[in-house]
Amino acid sequence: MIYFHDLLQNDGFRSFVQKRIASHPGNEGYAFPSSFPPLYRYRSLSEHAINDIVQDQFTLTSIGEFNDLFDGAFHMAYTQDKYEEMAQNKWNELKKTLEASKLPIEAFFRHDQFVSSQIMRFKKDSKFKLRELDYLGTYVGCLSSQCDSTLMWSHYADYNRGICVEYDFNQFPQDHLLRKAIFPVFYSEKPIDVMELLTDEKQEVYKYPLDAAVLCTALNKAVPWSYEQEWRLVLVLVSFARKTKWVPMPLAIRPTSICLGYHFLKAFFSYPTKSFEELAKAREKIKLNLQRFYQLLDYVNTHQIRLSLMMPVIGSYQLAPRPLSVQSLQRFMHRKFDGNYTESIQFYYTVHDALIELVEKEQDHV
């Protein structure tokens, strides 16, 4: 039996899908990569995200969980005339089969009842097909070719309070599955047409029509999303289908750099509360946030991963990473947050200004 991950490593399959995508209007230059640019993953400073990094794993998300309604959707909208035509074709096929067996078709089916039942089946199929990638167990890891997108920092990195993790997938051998499973997303005004593949029951168009349709569709997004400059790691994991939102996957490579959001320190401050219980919960949350962050810094220090802080460029609407020594940041964090310190948000900018001074001081010594 051939599985989706086998096909990802098959040159014939890859060539067919690449040509299929390139034939879609506006995608004439589309090609699967032989090498990769630096790719970035925007994350919050959540327990889940930090565990991914320190445990050397890469969590994939079920495509049905994404915020774009059309993400991973098969489009099979038919007119009533088309439904009737398809049902009539099914009737003609059945009639030929029974006539060849010399059995009277009326003994089994009536034309009007059969056609009506087939129309209902095709309609149900169309509704099901819209989200079939979800039902099949299509899991995706989202990356971007840019680390300095103001929109991405706002939308996917907790309003500049998260991180952006850089990966170099060129570290994988040429024949590694994960290297074969990463592709650039293509953006279009209309969804890619995979109708011919979805109705190719006799495999006349291609030997693996459904798998080809899955990959074409998983890599297609609407033009308004093009600001993401997205790349995707795509796998079909049937055993997980409809069972879990996320699948953690071991990753044999480590991040090459981690960039902290401009406001990452906000995770260690709290807003005023009206009760002692709420204050106690806020302090416990801050304590856990600090523990996780120290764990991340220890990992970065141990594996000598580049660290930076994403800074606004004065006089423009641009962001730029500024190098930051992990040892300096560790000392800063322990000095500012260990022991008896006030976690009230009103003191946030006092601490934040001290952090910026540290970054600027290190910049002057470069």
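Provided above is the structure to which this section pertains.
These notes cover the structure that comes with them. Keep in mind that what you see is a predicted model, and the values were worked out from it rather than measured.

Further remarks concern the overall build of the protein chain. Check the secondary structure of the protein chain and you find 13 helices and 12 strands. For the protein chain, the computed accessible surface area is about 19800 Å², with 53% contributed by carbon and sulfur atoms.

Below, the discussion takes up the pairing of strand 11 (residues 306-313). On a regular strand, one side chain projects to one face of the sheet and the next to the other, so that they alternate. Where strand 10 (residues 257-260) and strand 11 come together, 4 bridges link them in parallel fashion. Paired with Cys-259 across the strands is Ser-308, a residue of strand 11. Considered for its hand, the β-α-β crossover made up of strand 10, helix 11 (residues 276-302) and strand 11 is right-handed. Relative to strand 12 (residues 318-323), strand 11 is paired through 6 bridges, and the arrangement is antiparallel. Across the sheet, the residue bridging to Ser-308 is Pro-323, located in strand 12. Counting the residues that bridge the hairpin from strand 11 to strand 12 gives 4 residues, and of these Gly-315 lies at a positive phi of roughly 90 degrees.

What follows covers helix 10 (residues 209-218). Most of helix 10 is tucked away: 8 of the 10 residues are buried. Within helix 10, burial applies to Pro-209, Ala-212, Ala-213, Val-214, Leu-215, Cys-216, Thr-217 and Ala-218.

Take the layout of surface pockets next. Empty space within the largest pocket amounts to approximately 660 Å³. Along the walls of the largest pocket sit 28 residues, with Tyr-42, Thr-61, Phe-66, Cys-142 and Tyr-156 positioned nearest its centre. Of all the elements in the fold, those that place two or more residues in the lining of the largest pocket are strand 1 (39-43), helix 3 (47-54), strand 2 (57-62), strand 3 (138-144), helix 7 (150-156) and strand 8 (230-236). For the lining of the largest pocket, the leading source of residues is strand 3, giving 5 residues. When the residues that make up the lining of the largest pocket are grouped by side-chain class, the tally is 10 nonpolar, 8 polar and 10 charged.

Topologically, Thr-59 is positioned in strand 2. Here Thr-59 falls in the buried class, since its relative accessible area comes to 3%. A polar atom in the side chain of Thr-59 sits 2.7 Å from the side chain of Asp-52. Residues within four places of Thr-59 in sequence aside, it is in contact with Arg-41, His-48, Asp-52, Trp-246, Val-247 and Pro-248.

A few words now on empty space enclosed by the protein. For the coordinates displayed, the defined rule picks out 1 cavity of 30 Å³ or more. Lining the largest cavity are Leu-45, Ile-50, Ala-267, Phe-268, Asn-289, Arg-292 and Phe-293. In terms of residue count, the dominant contributor to the lining of the largest cavity is helix 11 (3 residues). Broken down by class, the residue content of the lining of the largest cavity amounts to 5 nonpolar, 1 polar and 1 charged.

Moving on to helix 13 (residues 348-364). The end-to-end C-alpha distance of helix 13 is 25 Å, a good match for the 24 Å that 17 residues give at a rise of 1.5 Å each. Listed in full, the buried residues belonging to helix 13 are Tyr-348, Val-351, His-352, Ala-354, Leu-355, Ile-356, Leu-358, Val-359 and Glu-362. Turning to helix 13, the residues buried within the fold contact strand 11, strand 12 and helix 12 (326-337).

Scanning the entire structure with this criterion turns up 11 salt bridges. In this structure, Asp-52 and Arg-43 form a salt bridge, with 3.4 Å as the shortest nitrogen-oxygen distance. A salt bridge links Asp-71 to Arg-232; the shortest N-O distance between them is 2.6 Å. Placement of the pair is Asp-71 in the loop between strand 2 and helix 4 (80-100) and Arg-232 in strand 8, with a sequence separation of 161 residues. The buried category is assigned to Asp-71, whose relative accessible area is 1%. The exposure class of Arg-232 is buried, given its relative accessible area of 0%. Connected through salt bridges with shared partners, the residues Asp-71, Lys-221, Glu-228, Glu-230 and Arg-232 form a single ionic network.

The next point concerns the nonpolar core. Judged by nonpolar contacts, the single largest core of 87 residues is most densely connected at Phe-169, Phe-264, Leu-265, Leu-329 and Met-333. It is helix 11 that provides the largest number of residues to this core, a total of 8 residues. Ranked by size, the runner-up nonpolar core spans 10 residues in total, among them Tyr-40, Tyr-42, Cys-259 and Met-310.

Turning our attention to the packing of aromatic side chains. Two aromatic rings are characterised by how far apart their centres lie and by the angle between their planes. A full pass over the atoms with the stated rule returns 21 aromatic pairs. Both rings, one in Tyr-348 and one in Tyr-349, keep their centres 4.9 Å apart while their planes meet at 70 degrees; by these two values the pair is edge-to-face. Here Tyr-348 falls in the buried class, since its relative accessible area comes to 1%. One aromatic cluster is present, built from ring pairs that chain together Phe-264, Phe-268, Phe-269, Phe-293, Phe-337, Tyr-348 and Tyr-349. A cation over an aromatic ring shows up here: Lys-221 above the ring of Trp-225, its NZ or CZ 4.5 Å from the ring centre.

Analysis parameters
Residues numbered from 1 in each chain as written. Predicted model: local features only at pLDDT ≥ 70, side-chain atom pairs only at ≥ 80, totals over all residues. Heavy atoms only, no water. Helix = DSSP H or I, 4+ residues; strand = E, 2+ residues; numbered from the N terminus. Areas by Shrake-Rupley, 256 points an atom, 1.4 Å probe, with all protein chains shown as cover. Pairing = 2+ DSSP bridges. Right-handed = clockwise from strand over helix to strand, strands pointing away. Buried < 20%, exposed > 50% of the residue type's maximum accessible area, 1.4 Å probe, protein only. 1 Å grid on protein atoms, 1.4 Å probe; cavity = no way out; pocket = protein on both sides within 12 Å on 5 of 7 lines; lining within 4 Å. Points joined across faces, edges and corners; volume = space filled by probe spheres on them. Nonpolar A, V, L, I, M, F, W, Y, C, P; charged D, E, K, R; others polar. Polar contact = N/O pair within 3.5 Å; in protein donor to acceptor, adjacent residues only side chain to side chain. Contact = heavy atoms within 4.5 Å. Expected span 1.5 Å × (residues − 1). Salt bridge = Lys/Arg side-chain N within 4 Å of Asp/Glu carboxyl O. Core = buried A, V, L, I, M, F, W, Y, C linked by side-chain atoms within 4.5 Å. Phe/Tyr/Trp six-rings, centres within 6.5 Å; stacked < 30°, edge-to-face > 60°. Lys NZ or Arg CZ within 6 Å of the ring centre and 35° of its normal.

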